[in-house]
Amino acid sequence: MKYAAKRILLMIPTFLGITFITYAMVRVAPGDYTSLRAGLQGELSQSADMKMVLEQERRLYGLDRPIIAGYADWLWKLVRLDFGISRKDRKPVSERIAESLPITLALNIITMCVIYFVSIPIGIYAAVRKDSLFDRGSSLALFVLYSLPSFWVGLLLIMFLSSSEYLNAFPLGGIVSDWAEGFGFFKWLLNVAWHLVLPVVTLTYGGFAFLSRYTRANMLEVVNQQYITTARSKGLSDARVVLVHAFRNSLVPLVTLMATLLPALLGGSVIVEKIFSIPGMGMLAFEAILARDIPVIMAIEAIAAVLTLAGILLADL
């Protein structure tokens, strides 16, 4: 407990540094949402009323104050769990995150489960059959998949599996069909799963190579230990030696790796969400950056920083 408390105290300056650098970068970036709005208004932006409105907005979001003062104001609101109001649509930031978060969570949890359930058996079998045809062939196939860019694969999947010119087996995008509002729960759930097939495929194939080779390397390190030789000498079956003795002890690095992947659960994938029109956290962050929506950007960055530090702490523990 003392170690965990000490680590948490050391992480506070790291969190402050991450969020302050992010806030400063957004503030010093060329242009902001008020100037963009003024540009869109054309000649109307030159009127006294429009200038007054834009000036009030700058004061509301602290853009007329020094960066340090603006950051301190944001930090004080964060302590009170007040993420502010979005500059884009005037919705509470917490409400916008609550709308996007379940979608990203569902997409990324399914993706991680698929990657682990496919990669770990491949890695175990490749380690047991080291330098075999399966080991070499699976390595080649997985690294070929790893080299394919996700945006290219996503577009190919849409073209061949969603286009009316080919199979037309899956929807072009979105998370649920427009006509699914009247569905029962299980029928609605099937509709959502139907929409998630192509995005999950696009997100998973690249992770197979990394995790399977990581599992293989850990297994090879374990199977050469003395206690594995002792287990074999006792006459235990190969399946028991591999799955009970070797695999259990190779799980520690895999669990540690899983803890570091915690921020990815909420980060989302901007490219995949953009291609498949999924309104998740990645798309929300992308749109917030384009619109210089500081409250949304800072809220997402604060959540990502907390999750990253929590993942590091869990991995250490």
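Keep in mind it's a predicted model, so treat the numbers as computed, not measured.

### Thoughts on the confidence of the model for the protein chain
Okay, step 1: For the protein chain, mean pLDDT is 83; residues scoring 70 or higher make up 90% of the total.
Okay, step 2: Confidence drops under pLDDT 50 across residues 40–45; counting only partners more than four residues distant or on other chains, this segment forms five contacts.

### Thoughts on a nonpolar patch on the surface
Okay, step 1: Taken together, Phe151, Trp152, Leu155 and Ile271 make up a surface patch of nonpolar side chains, about 400 Å² in accessible area.
Okay, step 2: With respect to the helices, strands and loops of the structure, Ile271 is situated in helix 12 (residues 270–275).
Okay, step 3: Accessibility expressed as a relative area gives 42% for Ile271, which makes it partly exposed.

### Looking at the environment of Pro121
Okay, step 1: Take Pro121: it is sitting in helix 5 (residues 93–128).
Okay, step 2: In this structure the C-alpha to C-alpha distance between Pro121 and Ser212, which are 91 residues apart in sequence, comes to 7.9 Å.

### What to know about the pattern of salt bridges
Okay, step 1: The tally for this structure, following the rule as stated, stands at eight salt bridges.
Okay, step 2: Taking the shortest distance from any N to any O, the salt bridge between Arg96 and Asp89 comes out at 3.5 Å.
Okay, step 3: On the basis of relative accessibility, which here comes to 34%, the residue Asp89 falls in the partly exposed class.
Okay, step 4: Here Arg136 and Asp131 are joined by a salt bridge, their closest N and O atoms 3.9 Å apart.
Okay, step 5: On the accessibility criterion, Arg136 (56% relative accessible area) is exposed.
Okay, step 6: Asp131 gets classed as partly exposed once you look at its relative accessible area, which sits at 45%.

### Some words on the packing of helix 13 (residues 281–290) against helix 14 (residues 294–316)
Okay, step 1: Axis separation between helix 13 and helix 14 bottoms out at 8 Å; the angle between their running directions is 140 degrees. Considering the angle they form, helix 13 stands oblique to helix 14. When you trace helix 13 past helix 14, the crossing you get is left-handed. Across the interface between the two elements, Met281, Leu284, Ala285, Ala288 and Ile289 from helix 13 touch Val296, Ile297 and Ile300 from helix 14.

### Re the packing of aromatic side chains
Okay, step 1: Applying the stated criterion across every chain, the model contains nine aromatic pairs.
Okay, step 2: By way of ring pairs, the aromatic residues Phe20, Tyr23, Tyr71 and Trp74 are connected into one cluster.
Okay, step 3: The ring of Phe183 carries the charged tip of Lys187 above its face, separated from the ring centre by 4.6 Å.

Reading the values: the criteria
Residue indices begin from 1 for each chain and proceed along its sequence in written order. With the structure being a predicted model, the display of local features is reserved for residues of pLDDT at least 70 and the display and counting of side-chain atom pairs for 80 or more, all residues being used for whole-chain, interface and lining totals. Water and hydrogen atoms play no part in the side-chain values, which are based on all heavy atoms of the structure. Every residue is assigned a pLDDT by the predictor, reflecting its confidence on a scale from 0 to 100. In what follows, a contact means two residues having at least one pair of non-hydrogen atoms within 4.5 Å. Patch building starts from residues that exceed 30% relative accessible area and form no salt bridge, then joins like charges within 9 Å and nonpolar side chains (Val, Leu, Ile, Met, Phe, Trp, Tyr) within 5 Å. The Shrake-Rupley method, run with a 1.4 Å probe, gives the accessible areas here. Residue values count only the displayed protein chains as cover. Throughout this description, the term salt bridge denotes a Lys or Arg side-chain nitrogen within 4 Å of a carboxyl oxygen of Asp or Glu. A run of H or I in DSSP counts as a helix once it spans at least four residues, and a run of E counts as a strand once it spans at least two, with each numbered from the N terminus. Relative accessibility decides the category of a residue: with a 1.4 Å probe and only protein chains considered, values under 20% of the type maximum give buried, values over 50% give exposed, and everything between is partly exposed. Working convention: axes come from line fits to C-alpha atoms, limited for helices to the stretch in contact. Angles between N-to-C directions cover 0 to 180 degrees. An angle below 35 degrees is treated as roughly parallel, one above 145 as roughly antiparallel, one from 65 to 115 as roughly perpendicular, and anything else as oblique. Take the far helix as the reference: if the near one is turned anticlockwise from it by less than a right angle, the crossing is left-handed, and if turned clockwise, right-handed. Two rings belonging to Phe, Tyr or Trp (six-membered ring only in the last case) form a pair when the distance between their centres is within 6.5 Å. Interplanar angles under 30 degrees mark stacking, angles over 60 mark edge-to-face geometry, and anything in between is tilted. Ring-over charges, as used throughout, are those where CZ of Arg or NZ of Lys falls within 6 Å of the ring centre and within 35 degrees of the ring normal.

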